[in-house]
Protein chains: 2
Amino acid sequence: MLPRGRPRALGAAALLLLLLLLGFLLFDGRLRRAAALEGDPGAGPGDHNRSDCGPQPPPPPPPKCELLHVAIVCAGHNSSRDVITLVKSMLFYRKNPLHLHLVTDAVARNILETLFHTWMVPAVRVSFYHADELKPQVSWIPNKHYSGLYGLMKLVLPSALPAELARVIVLDTDVTFASDISALWALFAHFSDTQAIGLVENQSDWYLGNLWKNHRPWPALGRGFNTGVILLRLDRLRQAGWEQMWRLTARRELLTLPATSLADQDIFNAVIKEHPGLVRRLPCVWNVQLSDHTLAERCYSEASDLKVIHWNSPKKLRVKNKHVEFFRNFYLTFLGYDGNLLRRELFVCPSQPPPGAEQLQQALAQLDEEDPCFEFRQQQLTVHRVHVTFLPHEPPPPRPHDVTLVAQLSMDRLQMLEALCRHWPGPMSLALYLTDAEAQQFLHFVEASPVLAARQDVAYHVVYREGPLYPVNQLRNVALAQALTPYVFLSDIDFLPAYSLYNYLRASIEQLGLGSQRKAALVVPAFETLRYRFSFPHSKVELLALLDAGALYTFRYHEWPRGHAPTDYARWREAQAPYRVQWAADYEPYVVVPRDCPRYDPRFVGFGWNKVAHIVELDAQEYELLVLPEAFTIHLPHAPSLDISRFRSSPTYRDCLQALKDEFHQDLSRHHGAAALKYLPALQQPQSPARG
Amino acid sequence: MLPRGRPRALGAAALLLLLLLLGFLLFDGRLRRAAALEGDPGAGPGDHNRSDCGPQPPPPPPPKCELLHVAIVCAGHNSSRDVITLVKSMLFYRKNPLHLHLVTDAVARNILETLFHTWMVPAVRVSFYHADELKPQVSWIPNKHYSGLYGLMKLVLPSALPAELARVIVLDTDVTFASDISALWALFAHFSDTQAIGLVENQSDWYLGNLWKNHRPWPALGRGFNTGVILLRLDRLRQAGWEQMWRLTARRELLTLPATSLADQDIFNAVIKEHPGLVRRLPCVWNVQLSDHTLAERCYSEASDLKVIHWNSPKKLRVKNKHVEFFRNFYLTFLGYDGNLLRRELFVCPSQPPPGAEQLQQALAQLDEEDPCFEFRQQQLTVHRVHVTFLPHEPPPPRPHDVTLVAQLSMDRLQMLEALCRHWPGPMSLALYLTDAEAQQFLHFVEASPVLAARQDVAYHVVYREGPLYPVNQLRNVALAQALTPYVFLSDIDFLPAYSLYNYLRASIEQLGLGSQRKAALVVPAFETLRYRFSFPHSKVELLALLDAGALYTFRYHEWPRGHAPTDYARWREAQAPYRVQWAADYEPYVVVPRDCPRYDPRFVGFGWNKVAHIVELDAQEYELLVLPEAFTIHLPHAPSLDISRFRSSPTYRDCLQALKDEFHQDLSRHHGAAALKYLPALQQPQSPARG
């Protein structure tokens, strides 16, 4: 036992010593861990002794299943593609539920809304905000950055995002995650009570103002900060009067500076220079900046752990950099990554299923795996991710009789596109059935083709592949839904229309009063050549000569004349005016109809009966069938597609098709009553196995 | 100042207190962190209080750039594919240099040696060990597991691997990494001085022996351990007399048990039951076992951090499990992952470049990006990853006059394969130019085709896509190098040979004494149909009738008759015996030659001159050209391939081709001297732009 009194003092001293020692040990440990984490602890590259951002302990992970908020500004077709790649990288590594706040223009909204709706990723909520409504708040700022007005919009996020949202991670569209975003979110815990903006130092000498003669950058603390990745304490910014703060600073600087060069980043830096207490420095690995002449190597060469890569050179992936191959591979990983694989559940965090997902799961669960038509049923239920207007697209100016060519294809028909563009000078809406990687090949294909790259009126909608059967009618419906003209020409990708068809159709629609006065489907007679080198006829006269010479046939003349017999080719030879024909079993002409025509029946997947059913529906809805005397389209030969070869040989294929037809007729009877009886014999007829 | 004496004792007491406190604090921290890391700390699922494996601190990461050793036993075509997927997942997350120790049979060695040689991944060394030599050491053990003899070979690794190798991670081929392997390696640091085998507890009730009536498993500690992931201290095992140890145990158990059910795992468990001090329990996340009725959920439902997934059900990906979708997506990620992207440098760890990589880098660096033929030069230098015999393959029995059909294709020609199999009943060696994802589609295509699945004599060699130009001659050379018969028929994928051709060629080779007595190339006359539905002639008589009826033409009759004119079709009509023809400019017949014939010139990438140059080389090497009177092959029509459409329209394409031809002739002159002069006019002729 120790005596009382003195020992107490000694005990207190020992305790003090203990605490000091403990403190030192812990601090030392933190120091070493932080150094490993940050490469260049506390400060950005080349700046070792910044006092406001000393060594940090690795933050505790955010509470399990905490919802993380991410805001991104996105406008236009190309940025929308970028955002999807960014989101894929984020989803790949994430372990938390996410709420994405997307500030978009109308184009990006249309694309991303459709995409997320069809992607159905569990534990991801998406909210949209109208960029156009925010424009007036920043449009007064002269800005020379390539991102334009949208580059400034991060400034207004504290007021644009919901008032109850206190924290958000803000990302540029050109960043790629190489790690779990929750570790970035966790850095909020390091903020002092007054800090409100977490940023990584700028990894170039831009703000030092010594890059070239007379270079006058905006004011910044040292190298300044990069705003490609921001942690925002929205609550504190609002409280601190951010709205006034940045405007005051910007107005004052603009008295002497002509414009922002780096958009929002210039203004963020100027505000921070004035209010340095707002900023929290983040470890450089959270925004490795691959700008030209970047100093990022100082950051990552010591850190084996890259967290976020930022392609902030206008050259993007073509930027020169010793290790760009390494970074590019990260980016390419997610560019080609199958987004379907990201539909995985976060099973550790229970979450609200995305809209429709629960019914879908139930319907899938009710399928009988032993049913020989299981693959058909499953394919019918599949919700494909859809990326509408994958490439830049100008909607056609509104014209009352304009016609959009509607078709669908997969990778093996890309080579048809150039010829199609030469034959059809009008708008097109094409659905492409591709994998994520194929979508990139397609992009390169279009960029490499002067013919395709010149056309802004062709809308390409990517429907991502999933399942073994070609969802032909779902594809047609996507293309049809995205057509923007009052009329559509429902074609197939292996057909080349007459050079004059586009103009002729518009004239015919006007003359016939289609749509407004007359509910009709205009039939474009179909022919085929069996020769794969072939001189396309420039007129009906030339076509008839080729037909007589045996160089052309009426479509499927040898294998399936019933499909087009009702068009009455003999009458067409002589016809001078449109003539009406009657529906008959198996009729499947190519037709021009108003855009609001019935949709294709998505139950027909794979091959067979997909167009026939649509024509049945048109007839049941009392569309007149009018054959146009000068219209024609010609089918070019091609090898059978992979999908068709795969299923033609399957013995159960025909049985399943018959089952689909039976179900189709039941639905037809339900909608049209006794009138549907007319179609019954046609539906009970066996289908020729050789047809596609 | 403190007085001396007493205070010294008090100081010592305080220090003691301090140390105790420190110890407690650190221990507590470890406890909490370990709990977070392991879900079920220390023990496996359902077993909370195992004393020999208390809470563990997260191990320190291995020293930066430490070389990690991994051993895998692999035999046969299917396991080789599995290993590649496993390796891709490992490489994706790894940050350390790796040394793979692969114990393989001859098939797997041929596949993996070629693959790693052409993959050229920086900081990956691969060593091979002959499984066949190890067989006698385990073949005495009766074993009922589906992995067969190879399943037992992990037992002999301590003696089979190099004596200086002290530590190794041993993996089954059916595991997938979801994290950095260095964290697994770091667990070696937790081993006590006597522990030698790190294992995760078995996540099923198998070894409890209560799965069904009369189930008598091998002895094990409780639930036993799973050997899909093992940390082996080889040094300690050797010292402990492992070789004797496991043999003794196995022999003793086999006195009462008929055979091993789970291969090596039964024996490992029996040894561990006897020597529990050898085992170090690993956190369950390092081997999440998706067997049927797995208890793994108890492990991963608490751990948000999955590390390694083990597909240890014989059902593999088809295993039923609440979260199997999640796990499957991980696996599918790496199955389709573009392995080229894993060629990235570990720039933090300097490493010996893989063989050939340095020269390749230098050659690539010397290319001039402004050279209009830059893409050609780059493509020529590209080393494509090659996966030979991608699918199970039985080499043909050695027969002196046997012929292998050699061809190459990409995805858009898969539908030719069935017809080709019907026309050619003999061995084939086909090179397929595919992405990793396409290779999987190809696999499913073959599995779904009874015609293809039935053929074991067709070898499919996957050459992975890289670069914009089709490396046609590199592909031909891969297929040619893998042909195993003494003769080869050098064909193209769009041709269907006469039904009788295979037998006829073998008879002709024998009659003509090709190879041994005569250095000759047998010409198979080529025809074409422009119709894509076409009844294939069963004899020369039928073929001539179709030719006369205009249903068939001699090949490229309309566009490029020079390519086959020297075959002399008029003479062929009447010929009863093989006849000799002379080489002429642009001649490119399809020929049968001995397997050791000259290789194709890999400089010809894209389209044009690739076959012509090969025939020039044959002629320069004085091969006789002998046309066979009953042989024929017919080209079927097809849409132009994507690659060809992309480059035909390019204006620089023809210039670059001419440059390649000039360089080809320079090399020809170098090898054949004045004899090469003969070919000069042919090389200076412009190439028809329409040819493929």
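What counts, and at which threshold
- Residues numbered from 1 in each chain as written.
- Chains lettered and ligands numbered in written order.
- Predicted model: local features only at pLDDT ≥ 70, side-chain atom pairs only at ≥ 80, totals over all residues.
- Heavy atoms only, no water.
- Helix = DSSP H or I, 4+ residues; strand = E, 2+ residues; numbered from the N terminus.
- Buried < 20%, exposed > 50% of the residue type's maximum accessible area, 1.4 Å probe, protein only.
- Contact = heavy atoms within 4.5 Å.
- Pairing = 2+ DSSP bridges.
- Axes fitted to C-alpha atoms, helices over the stretch in contact; angles between N-to-C directions.
- Expected span 1.5 Å × (residues − 1).
- Domains from an automatic or database assignment.
- Buried area = accessible area lost by both parts, 1.4 Å probe.
- Salt bridge = Lys/Arg side-chain N within 4 Å of Asp/Glu carboxyl O.
- Polar contact = N/O pair within 3.5 Å; in protein donor to acceptor, adjacent residues only side chain to side chain.
- Phe/Tyr/Trp six-rings, centres within 6.5 Å; stacked < 30°, edge-to-face > 60°.
- Lys NZ or Arg CZ within 6 Å of the ring centre and 35° of its normal.
- Right-handed = clockwise from strand over helix to strand, strands pointing away.
- Left-handed = near helix turned anticlockwise from the far one by under 90°.
- Nonpolar A, V, L, I, M, F, W, Y, C, P; charged D, E, K, R; others polar.
- Arc of directions from axis to C-beta.

## Things to note about the overall build of chain A
Then, in step 1: Helix and strand counts for chain A come out as 24 helices and 23 strands.
Then, in step 2: When each of the 692 residues of chain A is scored for burial, the buried share is 60%.
Then, in step 3: Put simply, 80% of the contacts in chain A that link residues at least 6 apart link residues at least 24 apart.

## Considering the sheet that holds strand β9 (residues 288-289) of chain B
All names here are of chain B.
Then, in step 1: The strand order β5-β10-β9 describes an open sheet built from three strands, whose pairing is mixed. Two strands lie at the open edges of the sheet, namely β5 (175-177) and β9, each paired on one side alone.
Then, in step 2: As judged from the two bridges shared by β9 and strand β10 (residues 308-310), these two strands associate in the parallel manner. The residue bridging Gln289 from the neighbouring strand is His310, located in β10.
Then, in step 3: Along the sheet face, helix α11 (residues 324-335) touches β5, β9 and β10 and points at about 80° away from the line of β5.

## Focus on helix α15 (residues 436-448) of chain B
Then, in step 1: For α15 of chain B, which comprises 13 residues, the first-to-last C-alpha distance of 19 Å matches the rise-based estimate of 18 Å (1.5 Å per residue) to within 8%.
Then, in step 2: Within α15 of chain B the residues assigned to the buried category are Asp436, Glu438, Ala439, Gln440, Phe442, Leu443, Phe445 and Val446 of chain B.

## Describing the domain arrangement of chain A
Residues and elements named next belong to chain A.
Then, in step 1: For chain A, the assigned domains are domain 1 (68-284) and domain 2 (386-683).
Then, in step 2: Across the boundary between the two partners, domain 1 contributes ten residues, which contact eleven residues of domain 2.
Then, in step 3: A combined buried area of about 920 Å² lies between domain 1 and domain 2, and 56% of that area is made up of carbon and sulfur atoms.
Then, in step 4: Counting the surface domain 1 buries against domain 2, the share from its top three residues, His77, Arg81 and Ile111, is 53%.
Then, in step 5: Between domain 1 and domain 2 we count one salt bridge in total.
Then, in step 6: Between Asp436 and Lys88 there is a salt bridge, with its nearest N and O atoms 2.9 Å apart.
Then, in step 7: Counting the contacts that link domain 1 with domain 2 gives three residue pairs in polar contact (both at pLDDT 80 or more).
Then, in step 8: Counting only elements with at least two residues in the side of domain 1 that touches domain 2, the list comes to α2 (76-93) and α3 (106-119).

## Regarding the sheet that holds strand β1 (residues 68-74) of chain B
Residues and elements named next belong to chain B.
Then, in step 1: Strand order in this open sheet of seven strands is β3-β2-β1-β4-β7-β6-β8, and the pairing throughout is mixed. For this open sheet the edge positions go to β3 (124-130) and β8 (279-281), each flanked by a neighbour on one side alone. Along the sheet, successive strands turn relative to each other by an average axial angle of 25°, direction set aside.
Then, in step 2: Where strand β6 (residues 197-201) and strand β7 (residues 225-233) come together, five bridges link them in antiparallel fashion. The residue of β7 that forms the bridge with Glu201 is Phe225.
Then, in step 3: Relative to β1, helix α2 (residues 76-93) is tilted by about 160°, and along the sheet it contacts β1, β2 (98-104), β3 and β4 (167-171).

## A short note on the packing of aromatic side chains
Then, in step 1: Considering all chains together, one arrives at 63 aromatic pairs over all chains under this definition.
Then, in step 2: With centroids separated by 5.6 Å and ring planes inclined at 75°, the aromatic side chains of Phe92 of chain A and Phe92 of chain B adopt a geometry described as edge-to-face. Residue Phe92 of chain A is located in helix α2, and its partner Phe92 of chain B is located in helix α2; the two belong to separate chains.
Then, in step 3: Under the relative-accessibility criterion, Phe92 of chain A is labelled buried at 5%.
Then, in step 4: Measuring from ring centre to ring centre gives 5.6 Å for Tyr499 of chain B and Phe536 of chain B, while their planes differ by 75°; the resulting arrangement is edge-to-face. In this pair, Tyr499 of chain B sits in the loop between β16 (495-497) and α18 (501-512) while Phe536 of chain B sits in the loop between β18 (526-528) and α19 (540-548), placing the two residues 37 residues apart along the sequence.
Then, in step 5: An aromatic cluster is present here, built from Phe92, Tyr93, Phe334 and Tyr337 of chain A together with Phe92, Tyr93, Phe334 and Tyr337 of chain B joined pairwise through their rings.
Then, in step 6: When the ring centre of Trp140 of chain B is taken as origin, the NZ or CZ atom of Arg251 of chain B, which lies over that ring, is 4.6 Å away.
Then, in step 7: One residue, Arg385 of chain B, lies across the ring of Tyr464 of chain B, its end atom 4.0 Å from the ring centre.

## Observations concerning the pattern of salt bridges
Then, in step 1: Counted according to the given criterion, the structure contains 66 salt bridges over all chains.
Then, in step 2: Between Lys95 of chain A and Asp180 of chain A there is a salt bridge, with the nearest N and O atoms lying 4.0 Å from each other. Taken together, the residues span a long stretch of sequence, with Lys95 of chain A in the loop between α2 and β2 (98-104) and Asp180 of chain A in the loop between β5 (175-177) and α6 (182-185) at a distance of 85 residues.
Then, in step 3: In this structure Lys95 of chain A comes out as partly exposed when scored by relative accessible area, which is 29%.
Then, in step 4: According to the relative accessible area criterion, Asp180 of chain A is buried, its value standing at 16%.
Then, in step 5: With its nearest N and O atoms 3.1 Å apart, the salt bridge here joins Arg476 of chain B to Asp492 of chain B. Taken together, the residues Arg476 of chain B in helix α17 (residues 472-481) and Asp492 of chain B in the loop between β15 (487-490) and β16 connect sequence positions 16 residues apart. Side by side, Arg476 of chain B and Asp492 of chain B carry an identical accessibility label, which is buried.
Then, in step 6: Beyond isolated ion pairs, a larger network of salt bridges with shared partners links Lys88, Asp338, Arg385 and Asp436 of chain A.

## Re the pairing of β6 of chain B
Walk down a regular strand and you will see the side chains alternate between the two sheet faces.
Residues and elements named next belong to chain B.
Then, in step 1: When you tally the buried positions in β6, you get five out of five residues, the bulk of the element.
Then, in step 2: When β6 meets β8, the two strands line up parallel, connected through three bridges. For Gly198, the partnering residue across the bridge sits in β8 and is Arg280.

## Concerning the environment of Gly513 of chain B
Residues and elements named next belong to chain B.
Then, in step 1: By the element assignment, Gly513 lies in the loop between α18 and β17 (520-524).
Then, in step 2: Gly513 sits in the buried class, given a relative accessible area of 6%.
Then, in step 3: A sequence separation of 112 residues divides Gly513 from His401, and the C-alpha atoms of the two residues are 9.4 Å apart.

## Here's the deal with the pairing of strand β13 (residues 428-434) of chain B
Residues and elements named next belong to chain B.
Then, in step 1: Most of β13 is tucked away: seven of the seven residues are buried.
Then, in step 2: Covered by surrounding structure in β13 are Met428, Leu430, Leu432 and Leu434 together with Ser429, Ala431 and Tyr433, the residues of both alternating faces.
Then, in step 3: Two strands pair when backbone bridges link them, and strand β12 (residues 403-410) and β13 are joined in this way by six bridges, in the parallel orientation. Along β13, the bridge assignment pairs Leu405 with Met428.
Then, in step 4: At this point the chain moves from β12, through helix α14 (residues 417-423), to the parallel β13, and the crossover so formed is right-handed.
Then, in step 5: Bridge count for β13 against strand β14 (residues 458-464) is seven bridges, and the pairing is parallel. When the sheet's bridge partners are listed, Ser429 is paired in β14 with Ala459.

## Observations regarding the packing of α2 of chain B against helix α3 (residues 106-119) of chain B
Angle between the axes and distance between the axes are the two parameters that describe a pair of packed helices.
All names here are of chain B.
Then, in step 1: Following both chains from N to C, one finds α2 and α3 inclined at 35°, their axes separated by 9 Å at the closest point. α3 is crossed by α2, and the crossing has right-handed handedness. Residues Gly76, His77, Ser80, Val83, Ile84, Val87, Lys88 and Leu91 of α2 touch α3, and the partners they reach there are Val107, Ala108, Ile111, Leu112, Leu115, Phe116 and Trp119.
Then, in step 2: Of the residues contributing to the contact of α2 with α3, the split by class is eleven nonpolar, three polar and one charged.

## Side note on helix α4 (residues 131-138) of chain B
Residues and elements named next belong to chain B.
Then, in step 1: Among the residues of α4, Ala131, Leu134 and Val138 are the ones counted as buried. On an axial view of α4, the arc spanned by its buried residues comes to 65°, and they lie on one face. Residues Glu133 and Pro136 are exposed on α4 and point more than 90 degrees away from its buried face.
Then, in step 2: Where α4 is buried, its residues touch β2, β3, α5 (157-160) and α8 (242-253).

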